[in-house]
Amino acid sequence: MKKFFLVAAAMLATALLGTPSASYAAMLEAKIDVSSQTMTVRYGSEVYRWAVSTARSGYFTPRGTYRPQRTAKMWYSRKYDMSPMPYSVFFHGGYAIHGTGAVRQLGRPASHGCVRLHTANAAAFYSMVREVGFGNTRIVVAN
């Protein structure tokens, strides 16, 4: 009898609140348009469009569709002189979407391959990814 009530309570909670994966499924998508140097984020019914900087001449930002691999509130690039990478969302090996202090460079290619954006926007995106989870986040990088 006790088991019946536990199962019923769990089913009722699921019906009222929804499951996390169902309620957030495909709710977070970041589309990076390399040609326009913008990132459009769709988060439920919200849409954000932010200026970014992708790879400058001689470097490459990988194209494709990805899921986040890991996050770091503050990361320092060992490859590029310990450069700070606040609110990093790594999506392909060492490539990440992260904040930058070089905001005057946003809107044009300027990075070593990462997708850089204003630190406030990086913090917002980082929070969204952490809230919905890696499996419910899609990152698309295209020309």
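The following paragraphs examine the structure supplied in this document. Note that the coordinates shown come from a computational prediction; the quantities given were computed from them, not determined experimentally.

**So, the layout of surface pockets**
Unfilled space is identified by rolling a water-sized probe across the atoms.
Turning to step 1, where the next piece is worked out: Its boundaries defined by the atoms lining it, the largest pocket holds a volume of some 550 Å³.
Turning to step 2, where the next piece is worked out: Breaking the lining of the largest pocket down by element, the ones donating at least two residues are β5 (70–77), β6 (83–92) and β7 (95–100).
Turning to step 3, where the next piece is worked out: Class assignment of the residues belonging to the lining of the largest pocket gives a composition of ten nonpolar, ten polar and five charged.

**Side note on the sheet that holds strand β3 (residues 46–53)**
Turning to step 1, where the next piece is worked out: Pairing is mixed in the open sheet, where nine strands are placed in the order β4-β9-β1-β2-β3-β8-β7-β6-β5. Each edge of the open sheet is held by one strand with a lone partner, namely β4 (64–66) and β5. Taken over all neighbouring pairs, the strand axes of this sheet differ in orientation by 30 degrees on average, direction set aside.
Turning to step 2, where the next piece is worked out: Direction of pairing for β7 relative to strand β8 (residues 115–118): parallel, over a ladder of four bridges. Its bridge partner being in β8, G99 is matched across the sheet by L117.
Turning to step 3, where the next piece is worked out: Contacting β1 (28–33), β2 (38–43), β3, β5, β6, β7, β8 and β9 (137–142), helix α3 (residues 119–132) crosses the sheet at an angle of about 40 degrees to β6.

**Brief notes about a nonpolar patch on the surface**
Turning to step 1, where the next piece is worked out: Residues M74, Y76 and M82 make up a contiguous nonpolar surface patch of about 300 Å² in total accessible area.
Turning to step 2, where the next piece is worked out: Structurally, the position occupied by M74 is in strand β5.

Cut-offs applied
- Residues numbered from 1 in each chain as written.
- Predicted model: local features only at pLDDT ≥ 70, side-chain atom pairs only at ≥ 80, totals over all residues.
- Heavy atoms only, no water.
- 1 Å grid on protein atoms, 1.4 Å probe; cavity = no way out; pocket = protein on both sides within 12 Å on 5 of 7 lines; lining within 4 Å.
- Points joined across faces, edges and corners; volume = space filled by probe spheres on them.
- Helix = DSSP H or I, 4+ residues; strand = E, 2+ residues; numbered from the N terminus.
- Nonpolar A, V, L, I, M, F, W, Y, C, P; charged D, E, K, R; others polar.
- Pairing = 2+ DSSP bridges.
- Axes fitted to C-alpha atoms, helices over the stretch in contact; angles between N-to-C directions.
- Contact = heavy atoms within 4.5 Å.
- Patch = residues over 30% accessible without salt bridge, like charges linked within 9 Å, V, L, I, M, F, W, Y side chains within 5 Å.
- Areas by Shrake-Rupley, 256 points an atom, 1.4 Å probe, with all protein chains shown as cover.
- Salt bridge = Lys/Arg side-chain N within 4 Å of Asp/Glu carboxyl O.

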